[in-house]
Amino acid sequence: MNAQVAPTPSRETVIEVRGLTNRFGTQTVHENLDLDVYRGEIIGIVGGSGTGKSVLLRTIIGLVRPVAGEVRVFGEDLLALPAERRSQVERRFGVLFQSGALFSSLTVAENIALPLVEHAHLPRVDATRLAGVKLALAGLPVDAGRKYPSQLSGGMIKRAALARALALDPEILFLDEPTAGLDPISAAAFDSLLVTLRNALGLTVFLVTHDLDTLYSTCDRVAVLSQRRVLAAAPIDEVAQTDDAWVQAYFNGPRGRAATRAAHPGRE
Amino acid sequence: MTTPSAPGTATLTRDPGGARLVLAGDWTLPHYERLQQRATELAGSIDATTAVDTAGLGAMDTSGAFVVAELLGSARTQALAQDETLPPARRALLKTVGDAIDTYCKGIKRPRDAGFVVMLERIGKAMSGFWKQTLKLLGFIGITLQGFGATVWRPARWRVTSLVSHIEQTSLDAVPILALLSFMVGCVVAFLGSTALASYGASLFTVDLVGIAFLREFGVLLTAILLAGRTASAFTAQIGSMKAREEIDAIRTLGLDPIELLVLPRVLALLIGLPLLTFIAMVAGIVGGGVVCFVVLKISPAMFLNMFQADIGITHFLVGIAKAPVFAFMIAVIGCMEGFKVSGSAQSVGEHTTSAVVQSIFVVILLDALAALFYMEMDW
């Protein structure tokens, strides 16, 4: 779907999750979960509260050590790599955390310049100039760079965090609920920004979201987490047909129908 | 990106047909510095007629595109982004970066160098900050007194539970450390006195020295400084993290008064607790002095008490303890006020906690010095 925004993704796998099991105490979050993410696609991860969407994201980026199973990013098992190699792989992805996670003691521009100074070893002046470009890419005015995160609105924090995630020109972008807490206009702007950036920078985007409009307007594929595994991973219209109570309630509930109508005017 | 490859180059050739700018190699982040430098060198010699040759171009990311956009200017970048010979992804990248720069980046300048003017600016800022801070403190004292005046007549609005809990946290829990501290300082003062006075054959007056020092100054000063470090910081951190999580706003929207709910119990707790602690500190210090007198000067406890009773008037005690409520009020008010000044971040909580401790110790010592002058003039 969305042929106008999705240049047919090649089938090169960049993230490969096999037989993943995550357990906290007695509570099993994932059991034998498989998922593939292909280069250049935007994949949306949906699921009810507590189905482990964020945990899956954190497992893939190596923040959570799974009980069993294997996660390969660019064909490498992050947790098995020595620190130096791991850091090299980590530079190839950018993460936007749910509440931004901007460093509150640094200005926005310093936040973005930090990875440029630390990893690309740019002089601070150049890093700040490049940070300005990243800010502009994320749709923020350049004077936002001089502000501290506590002086920004929710939408601006998301954009600033996106700019930081983009700082090292990552190949994969992980987004944890990027449009949560944004007004519909900002959320729509964020969606179109995401598609523009994906097309321009050739990003692969791993998107955890609840926002049906985001799913319809940006995602090439949608993966549904339910019953501790991936129930379905396919283009959204196929997923919406899945015979499962939760999926039906999610995509064909009142909000789901509204989003479908918005995505396909004249249908239904 | 991580694959090693040829670094990006830009060469300007002058053919008979006109100048050509040849871009080749990888225009990516690892080569950014060199590319940026090259772009600065070439900047003057590129005009609207220069042809651009991108046939040899390798990888390009946003930083490379930024250098190209700066080198060519926005109009040429947009033209290049329309160039059909480039792959669509590259055109999209150039267009996005070009647009971004056009729309937003006009104001990027290299930061101004630090120097004398900046120093003056910072001195000025610090001075005006100090003035504003003083005004705020006076304002906050006013609000607190007003809140106190409004509730003191209405026992139903007294927050007794909160008050008692704060007395326990700020005063009762501080007793062991304060007593130990004062005891040790008492010993030190007595040692000091016995050695210094021995040369005049007046080491007996160590008793007077310890007594007067602790009753007039050390008892209350040690207590106030300890509580400034222990309690002012706690008040700031408590109220500050409530402020950061919008709990103060919630209190206001529930129609409650944060001054009455949060500030008054804390101020009153210190007003009650600090004089009591001061008394404990005085006793502990004098006991410490007495122990040293007994061990070093062989003055028996009975003789120590006799001398104490004969030489030291009640005025010294009154003069000392009278300062305690004033210090208590200032410490509590500064701690609470800094808490209310916290904004949003964890960093801010830390900054204001530090500021609360520094300010309250400063105010305590300043007031103590003023009081000493006043008492001297009054011959108390």
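It should be emphasised that the depicted structure is a prediction, and the values quoted were computed from it without experimental measurement.

**Concerning the overall build of chain A**
Along chain A, the regular secondary structure elements total 10 helices and nine strands. Taken across its 268 residues, chain A has 48% of its residues classed as buried. Across chain A, the fraction of contacts at a sequence separation of at least 24, relative to all contacts at a separation of at least 6, is 65%.

**Describing the sheet that holds strand 4 (residues 68-73) of chain A**
Residue and element names in this part refer to chain A. Taken in spatial order, the three strands of this open sheet run 2-1-4, and their pairing is antiparallel. For this open sheet the edge positions go to strand 2 (27-38) and strand 4, each flanked by a neighbour on one side alone. Recorded for the sheet is a direction-independent mean angle of 15° between the axes of neighbouring strands. Each of strand 1 (13-24), strand 2 and strand 4 touches helix 1 (residues 53-60); the most contacted strand, strand 1, lies at about 120° to it.

**Examining the packing of helix 4 (residues 116-152) of chain B against helix 11 (residues 314-340) of chain B**
All names here are of chain B. For the pair helix 4 and helix 11, the least separation of the axes is 10 Å and the interaxial angle reads 105°. Classified by the angle between their axes, helix 4 and helix 11 sit roughly perpendicular to one another. Side by side, helix 4 and helix 11 meet where Lys136, Leu137, Phe140, Ile141 and Thr144 of the first sit next to Val333, Ile334 and Met337 of the second. Tallied by class, the residues present in the contact of helix 4 with helix 11 amount to six nonpolar, one polar and one charged.

**Focus on helix 9 (residues 245-252) of chain A**
Residues and elements named next belong to chain A. Taken residue by residue, helix 9 has Val247, Tyr250 and Phe251 as its buried positions. Along helix 9, the residues classed as buried sweep out an arc of 80° about the axis, all on the same side. More than 90 degrees from the buried face of helix 9, the exposed residues found are Ala245 and Ala249. Lining the buried residues of helix 9 we find strand 3 (42-46), strand 8 (221-226), strand 9 (229-234), helix 8 (236-240) and helix 10 (254-263).

**Quick notes on the interface of chain B and chain A**
Each partner contributes residues to the interface: chain B has 31 residues there, and chain A has 26 residues. Elements supplying a minimum of two residues to the side of chain B that touches chain A: helix 1 (32-42), helix 2 (62-81), helix 3 (88-104) and helix 12 (346-378) of chain B. It is helix 3 of chain B that provides the largest number of residues to the side of chain B that touches chain A, a total of nine residues. When grouped by side-chain class, the residues that make up the side of chain B that touches chain A number 16 nonpolar, 12 polar and three charged.

**Some remarks on the environment of Ser45 of chain B**
Secondary-structure assignment places Ser45 of chain B in the loop between helix 1 and strand 3 (51-60). In this structure the C-alpha to C-alpha distance between Ser45 of chain B and Leu12 of chain B, which are 33 residues apart in sequence, comes to 8.6 Å.

**Describing the nonpolar core**
Among the nonpolar cores identified, the biggest contains 108 residues, and Leu135, Ala160, Ala163, Phe174, Phe206 and Leu207 of chain A together with Val97 of chain B are the most heavily contacted of them. Per element, the largest residue contribution to this core is nine residues, and it comes from helix 2 of chain B. With sequence-adjacent residues up to four places away left out, Leu207 of chain A is seen in contact with Ile42, Ile43, Gly44, Ile45, Leu175 and Cys219 of chain A. Core analysis: the second largest hydrophobic core is formed by 55 residues, Ala213, Phe218, Ala224 and Leu277 of chain B among them.

Conventions used here
Residue indices begin from 1 for each chain and proceed along its sequence in written order. Throughout, the order in which chains and ligands are written sets their labels, letters from A for the former and numbers from 1 for the latter. Only residues with pLDDT of at least 70 get local features here, since the model is predicted, and only at 80 or more are side-chain atom pairs given and counted; chain-wide, interface and lining totals rely on the full set of residues. Strands are runs of DSSP state E lasting at least two residues, helices are runs of H or I lasting at least four, and both sets are numbered from the N terminus onward. Burial in this document is a count-based property: other C-beta atoms within 10 Å of a residue's C-beta are tallied, and the residue is buried at 20 or more, exposed at 12 or fewer, or partly exposed in between, with C-beta positions derived from the backbone. The contact criterion used here is simple: two residues whose C-beta atoms, placed from the backbone, lie within 7 Å are in contact. DSSP calls a pair of strands paired once it identifies at least 2 bridges connecting them. Here, axes are lines fitted to C-alpha atoms. For helices the fit covers the stretch in contact, and angles between N-to-C directions go from 0 to 180 degrees. For this classification, under 35 degrees means roughly parallel, over 145 means roughly antiparallel, 65 to 115 means roughly perpendicular, and everything else is oblique. For this scheme, ten residues count as nonpolar: Ala, Val, Leu, Ile, Met, Phe, Trp, Tyr, Cys and Pro. Four count as charged, namely Asp, Glu, Lys and Arg, and the remainder, Gly too, count as polar. As used here, the arc is the angular range of directions from the helix axis to the C-beta atoms. By definition, a nonpolar core groups buried Ala, Val, Leu, Ile, Met, Phe, Trp, Tyr and Cys residues that connect through C-beta atoms lying within 7 Å of each other.

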